[in-house]
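Structural overview
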Amino acid sequence: MTEIQSESLPTRLPEAHTTWWRAPFVASGFGLPVLAMEYAAVRDHDGMGQYGGMICTAVALYALAWVLPHRLSLRTPRILAAGAALLVTLFPVGLLVLLGAMVSA
């Protein structure tokens with residue numbers, strides 16, 4: 001094959017990931033209602049303050065999990081972004097539950 005012929009060959013596109021939507025969907029299904037509740041509670045008490053950064057970080061991680069390209073090679077970053085968003089969302093609720101358990105004991 002000459003150089004001209006090898007340059008004209010089409011390049012192969014990366015393999016599409018057929019179930020790319022599962023990790024962001026599960027994380028969003030559990031986390032977004034909790035995040036909306038936290039946002040409403042924070043807005044009722046004189047603005048966002050320091051807690052606003054946590055809410056913005058969680059929203060950014062949910063968005064990142066959804067907008068990553070649908071390639072198989074980006075499966076791990078998508079799962080990590082969705083998991084981190086869920087962790088950041090549920091961390092304050094988990095602390096409140098732990099505090100309630102400690103006080104009631």
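Residues numbered from 1 in each chain as written. Predicted model: local features only at pLDDT ≥ 70, side-chain atom pairs only at ≥ 80, totals over all residues. Heavy atoms only, no water.

Overview of the overall build of the chain
From N to C terminus, the chain includes four helices and zero strands. Element order for the chain, N to C, with α for helix and β for strand: α-α-α-α. Its C-alpha atoms give the chain a radius of gyration of 21 Å, clearly above 13 Å, the size a compact globule of 105 residues would have. Dimensions of the chain, computed from C-alpha atoms along their principal axes, come out at roughly 80 × 30 × 15 Å. When the accessible surface of the chain is totalled, it reaches about 7,700 Å², and 70% of it is carbon and sulfur. (Helix = DSSP H or I, 4+ residues; strand = E, 2+ residues; numbered from the N terminus. Rg over C-alpha atoms; globule rule 2.2 N^0.38 Å. Areas by Shrake-Rupley, 256 points an atom, 1.4 Å probe, with all protein chains shown as cover.)

Quick word on helix 3 (residues 51-67)
Relative to the 24 Å expected for 17 residues at 1.5 Å per residue, helix 3 spans 25 Å between its end C-alpha atoms, a close match to the ideal helical length. Restricting attention to buried positions, one finds in helix 3 the residues Gly52, Ile55, Ala58, Leu61, Tyr62 and Ala65. In this fold, the buried residues of helix 3 make contact with helix 2 (22-43) and helix 4 (75-104). (Expected span 1.5 Å × (residues − 1). Buried < 20%, exposed > 50% of the residue type's maximum accessible area, 1.4 Å probe, protein only. Contact = heavy atoms within 4.5 Å.)

Examining the confidence of the model for the chain
Close reading of the predicted structure is inappropriate where its pLDDT is low. Here the chain shows a mean pLDDT of 88. Residues at 70 or above account for 91%. Of all helices and strands in the chain, the one with the weakest mean pLDDT is helix 1 (residues 3-7) (59), whereas helix 4 scores best (95). (pLDDT = per-residue confidence, 0-100.)

Observations regarding helix 2
Between its terminal C-alpha atoms helix 2 stretches 31 Å, which fits the 32 Å expected from 22 residues at 1.5 Å a residue. A bend of about 35° at Gly31 is the largest found in helix 2, and the proline Pro33 appears one to four places after it. Every buried residue belonging to helix 2 is among Pro24, Ala27, Ser28, Gly31, Val34, Leu35, Glu38 and Val42, and all of these are buried. In this fold, the buried residues of helix 2 make contact with helix 3 and helix 4. (Bend = angle between axes of the 7 residues up to and from the residue.)

A look at the packing of helix 2 against helix 3
Between helix 2 and helix 3, whose axes approach to 11 Å, the crossing angle comes to 155°. With respect to their mutual orientation, helix 2 and helix 3 come out roughly antiparallel. Pair helix 2 / helix 3 crosses with left-handed handedness. Contacts between helix 2 and helix 3 involve Pro24, Phe25, Ala27, Ser28, Gly31, Leu32, Leu35, Glu38, Tyr39 and Val42 from the first element and Tyr51, Ile55, Ala58, Val59, Tyr62, Ala65 and Trp66 from the second. Looking at the contact of helix 2 with helix 3 residue by residue, the classes come out as 14 nonpolar, two polar and one charged. (Axes fitted to C-alpha atoms, helices over the stretch in contact; angles between N-to-C directions. Parallel < 35°, antiparallel > 145°, perpendicular 65-115°, else oblique. Left-handed = near helix turned anticlockwise from the far one by under 90°. Nonpolar A, V, L, I, M, F, W, Y, C, P; charged D, E, K, R; others polar.)

Thoughts on the packing of aromatic side chains
Evaluation of the coordinates by the stated rule reveals two aromatic pairs. With centroids separated by 5.8 Å and ring planes inclined at 85°, the aromatic side chains of Trp20 and Trp66 adopt a geometry described as edge-to-face. With Trp20 in the loop between helix 1 and helix 2 and Trp66 in helix 3, this pair connects stretches of sequence that are 46 residues apart. Residue classification places Trp66 among the partly exposed residues on the basis of a relative accessible area of 33%. When the centroid spacing of 6.2 Å and the interplanar angle of 75° are considered together, the rings of Trp21 and Phe25 count as edge-to-face. (Phe/Tyr/Trp six-rings, centres within 6.5 Å; stacked < 30°, edge-to-face > 60°.)

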